[in-house]
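Structure at a glance
Read off the chains here:
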Amino acid sequence: MPQKGTRCPLRIHGSRPAYPQDTRSGPVDTVPTSVARGSDIIQKSPITPSSPAAPLPAANHSLPPQKTPAIEPYAPVLSLPTETSAIETQTTTAPTIQSTTPKLQKKRSLQTSLKQLDIAGAFDNAWWPAIIKRMDNDDVPSDLIRIIKSYLNNEREVKFTYESETFYKKLTKGCPQGGPLSPLLWNILLNDLLINFDSMNADIICYADDVTIICWNKTIEGLKTASEYTLNYVIQWCNRNKLTISTEKTNMLYLHNRQKIPIKVNNNIIMPVKQVKILGMKFSNHKWKNKVNFTPHVNDILCKAGRMKNLLCSLSGNMWGLDTEKRLTLFKTIIRPVLTYGSEIWLKYLNNRCKQKLNSMQYQIILWAVRAYKTTSSNCVHSLAKIPLLTDYIESRIIKFDLAQMSIEDLITYEPHAPSIVKSFLHAKINEIFENTNEIFRSFFVLGIPRFFRPNFYNIQFITDHGNFGKFLATIGAVKEPGCFCGGEIQDARHLLLECPIFLDFRENRFGRIGQLDEFVDKKEKYKNFDQFCKYIYNFLLNWKKEKES
Ligand SMILES: [Zn+2]
């Protein structure tokens, strides 16, 4: 059975009936015929059955009125998203993709092909009599069938007004756009294909109107025959249900390194491609290892995230624009979902180099978010942002995903603390990163990073010791000597904050006697002064440098 509260993300903003073709700019609305023609009232939601108890054909009266609908077969093959928001829907496609990849991996010893089919205007062309027939065949109670019939046959029309002319077109097929029932109606229709599909050398997997077929055989010729047979089977089913497979948009990927031959279906030649995109994930064949390869997919999402990062960088710099918290929120809510889409599935197929690239991309974005110098260590910026490495975050998603696949009984028996597992895992990973930060960073945060601490352009230079100081500038070769203008041998964060006599007055006025770095940030009141102290020293150093140069 499809998941609770299912809605189809593909059609929420989907195309409205394109009628007439040459004047698409005009407004189009569907209206029940009960609305008087010529009236200005436009029903935005035409799904109000005027006669829910409309009489049914005699055959349906014989159905047992309280029988439970036989909808069990939908479960293993169909899954629909539970949410409609851009971020949440991304996770719900994972079970479908997950069911695809192991099947491909199992066939590694055989010649395998993956085909992605496109049913032209699937939801718009769902044939009502076929849906009703399927419900009848599945012993759906007659009352329910009557409601659905009434819902579909409610004399809906498309009204199109262009200048002074108004056109009408009666609807005879299609699941209503944005209707909460539409995905279920489509599933009822498509279920017929899925439960009757029976091939020793092929498997079919669907998500809403996305149809994927996996074929395998010992020989290439056998694979070709199996592919042509299954495609023909699906095409014939579509023909019977007044649907069309667009063979031009059908893609086929071979998962082996031998001869890659085209197949012929319906007098159309389908050429093999190097990549197939299924539910937003690119599948390709590994050049050497003859297995599913997600590296091109990861490279794609890295490019996309890189573009987003560049855009954000151009909109706010180190000393202006959004504050750190807002930057981190942008990363977590917009960029990270792009980087981790389908990651529960693809992470285990990646090599270490690819994983490093992902972590590096996150590091660069967090660097921008906390406004640190580009040389600041990954551990420091991740600790300040309180964000785990991207690969660790994905691992936590995998744990969550695996827990979601378990039955309630298993969860109670084996994982009594399931809800806290993910939280503890992430907590441990963030702690691990903190333990690996440099000595001066930990000197500030002996008891961990306090909640009130907010990294900014000034304080982050001191807590990471990567700033406009003699020692750091000498390390990167910007100055010859690491010493301080007060005569001190080394000018670093510790010297400037605790020892340098130039800042003695400021230090004693604001903090009194202070001996350790962590005393600057252990209390909220002191922390405010610390921020000002950092800014004061930074500006002092800058001015001193300018005066020296002039
Ligand atoms: Zn000094």
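These lines cover the structure that appears in this document, whether it is placed above or below. (Residues numbered from 1 in each chain as written. Predicted model: local features only at pLDDT ≥ 70, side-chain atom pairs only at ≥ 80, totals over all residues.)

Each helix and strand in the protein was counted, giving 23 helices and 13 strands. Each of the 550 residues in the protein was classed as buried or not, and the buried ones make up 32%. (Helix = DSSP H or I, 4+ residues; strand = E, 2+ residues; numbered from the N terminus. Buried ≥ 20, exposed ≤ 12 C-beta atoms within 10 Å, placed from the backbone.)

Two elements in contact, helix α10 (residues 295-315) and helix α11 (residues 324-340), have axes separated by 8 Å at closest approach and are oriented at 155 degrees. Relative to α11, the element α10 is oriented roughly antiparallel. For the pair formed by α10 and α11, the contact residues are I301, K304, A305, M308 and L312 on the first element and L330, I334, I335, V338 and L339 on the second. By residue class, the composition of the contact of α10 with α11 is nine nonpolar, no polar and one charged. (Axes fitted to C-alpha atoms, helices over the stretch in contact; angles between N-to-C directions. Parallel < 35°, antiparallel > 145°, perpendicular 65-115°, else oblique. Contact = placed C-beta atoms within 7 Å. Nonpolar A, V, L, I, M, F, W, Y, C, P; charged D, E, K, R; others polar.)

What follows covers the sheet that holds strand β12 (residues 281-285). In space, the three strands of this open sheet follow the order β11-β12-β13, with antiparallel pairing throughout. With one partner strand each, in any of the chains shown, β11 (275-278) and β13 (292-293) form the two edges of the open sheet. As judged from the two bridges shared by β12 and β13, these two strands associate in the antiparallel manner. Bridged to N285 within β13 is V292. Strands in contact with α10 are β11, β12 and β13; relative to β12, the strand with the most contacts, it is inclined by about 140 degrees. (Pairing = 2+ DSSP bridges.)

The next subject is helix α9 (residues 220-240). Under the 1.5 Å per step criterion, the end-to-end length of α9 is 30 Å for 21 residues, consistent within 8% with the ideal 30 Å. For α9, the complete set of buried residues consists of L223, A226, S227, T230, L231 and V234. An end-on view of α9 places all buried positions within 120 degrees of arc, on one side of the element. The outward face of α9, more than 90 degrees from its buried face, is lined by the exposed residues E221, Q236, N239 and R240. Against the buried residues of α9 lie β2 (111-118), α8 (182-196), β5 (202-207), β6 (210-217) and β8 (263-265). (Expected span 1.5 Å × (residues − 1). Arc of directions from axis to C-beta.)

Moving on, we get to the packing of helix α22 (residues 504-511) against helix α23 (residues 524-549). At their nearest, the axes of α22 and α23 sit 10 Å apart, and the two run at 170 degrees to each other. Comparing the axis directions of α22 and α23 gives the class roughly antiparallel. Residues F506, R510 and F511 of α22 touch α23, and the partners they reach there are K526, N529, F533 and Y536.

Let's shift gears to the nonpolar core. Formed by 100 residues in total, the largest nonpolar core has its most connected members in W186, I366, V370 and V381. The biggest single contributor to this core is helix α13 (residues 352-370), with nine residues. (Core = buried A, V, L, I, M, F, W, Y, C linked by C-beta atoms within 7 Å.)

Attention now moves to the sheet that holds β6. Spatial strand order, β5-β6-β2-β7-β10: five strands in an open sheet with mixed pairing. The two strands at the open ends of the sheet, each matched to only one other strand, are β5 and β10 (272-273). Inspection of the sheet shows strand β7 (residues 251-254) paired to β10 by two bridges, in the parallel sense. Bridging from a neighbouring strand, L253 pairs with V273 of β10. Sitting on the sheet, α9 is in contact with β2, β5 and β6, with an inclination near 150 degrees to β6.

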